[in-house]
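Residue-level structural notes
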Amino acid sequence: QIVIVLLVCIALFALVSLGHYVLTSHRELKDERRQRHLAQYKYSQFKQQINPHFLFNSLNILDYLVQEHETERASAFIRKLAATYRYMLKKADEQLVPLEEELEFARQYIDLLQERFTKGFEVEVDIPRPLLRRYVVPCCLQLLIENAIKHNVVSPEQPLHVRIAAAGDRLTVSNNLQLRMNAPASTGVGLRNIRQQYLDTAGAPILVERTDTEFRVQLPLL
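We now turn to the structure provided with this report.

Reading guide: rules and limits
Residues numbered from 1 in each chain as written. Predicted model: local features only at pLDDT ≥ 70, side-chain atom pairs only at ≥ 80, totals over all residues. Heavy atoms only, no water. Core = buried A, V, L, I, M, F, W, Y, C linked by side-chain atoms within 4.5 Å. Buried < 20%, exposed > 50% of the residue type's maximum accessible area, 1.4 Å probe, protein only. Helix = DSSP H or I, 4+ residues; strand = E, 2+ residues; numbered from the N terminus. Contact = heavy atoms within 4.5 Å. Pairing = 2+ DSSP bridges. Salt bridge = Lys/Arg side-chain N within 4 Å of Asp/Glu carboxyl O.

A short note on the nonpolar core
If you look at the biggest cluster of nonpolar residues, it comprises 39 residues, and the most contacted ones within it are Phe 121, Ile 127, Ile 145, Leu 171 and Leu 219. Mapped by element, the contributors of at least two residues to this core are helix H3 (71-90), helix H4 (99-116), helix H5 (140-151), strand E4 (160-167), strand E5 (170-176), helix H6 (189-202) and strand E7 (214-220). Apart from the residues within four sequence positions on either side, Leu 171 is in contact with Leu 99, Ile 127, Val 136, Leu 141, Ile 164, Ala 165, Ala 166, Val 217, Gln 218, Leu 219 and Leu 221. Membership of the second largest hydrophobic core comes to 7 residues, among which are Ile 61, Leu 62, Ala 74 and Leu 81.

Re the pairing of E4
One ladder, built from 6 bridges, connects strand E2 (residues 121-126) with E4; its direction is parallel. Considered in E4, the bridge of Asp 126 is made with Ala 165. Here E4 pairs with E5 via 6 bridges, running antiparallel. The residue bridging Ile 164 from the neighbouring strand is Val 173, located in E5. Two successive antiparallel strands, E4 and E5, enclose a turn made up of 2 residues, where Gly 168 displays a positive phi of approximately 60 degrees.

Points about the pattern of salt bridges
Scanning all chains against the criterion turns up 9 salt bridges. The salt bridge partner of Lys 80 is Asp 111, with a shortest N-O separation of 3.4 Å. Of the two residues, Lys 80 is situated in helix H3 and Asp 111 in helix H4; the sequence distance between them amounts to 31 residues. A relative accessible area of 27% places Lys 80 in the partly exposed class. In this structure, Arg 163 and Glu 124 form a salt bridge, with 3.3 Å as the shortest nitrogen-oxygen distance. In this pair, Arg 163 sits in strand E4 while Glu 124 sits in strand E2, placing the two residues 39 residues apart along the sequence. Through salt bridges with shared partners, a single ionic network connects Glu 70, Arg 73 and Glu 115.

Structural data, given as structure tokens:
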């Protein structure tokens, strides 16, 4: 009887140990997957901002302002460009940021774009003040605005209108659809990374909708 009891105890201990090992391994695997997705998202953010096209356009704008002796505008442009990179570096290790901070960063980025597109690029923001305290994935607004610029015509004859609005538990970024003929093929990497970040952080999906006239992305407010 003692032997039987001992064997039962050993078997129970083995089962408990195995269960603990499986749970620990699953948790570690889930954390590793989350870290990998976060790393991919960060890479996408930095790639978006340090790509030669973005830097080339920024330097061209700066050169134009200097040539035109627009020293105050040139100085303001440099400060906003520096603030853009500073924000990205500062938020690199954060999974969520207050919407108010993300919106301020987006406005700085929009200012940079409006130096490039002096006419034909319009942005409307409609966010109730209480919702500014909610949280979003960092740099999500910038990535969505950049996607709109990348794939659509922006001109005085065909203005691109971007709308950033929030209601309830959703933040919506939309733009009128006027696709460029020579636009680079969409890889969907940016949207895929944003979607994965929301799933990893909060288990919340994003919604992507496209009609004949509009492209719209809805993000959860956390």
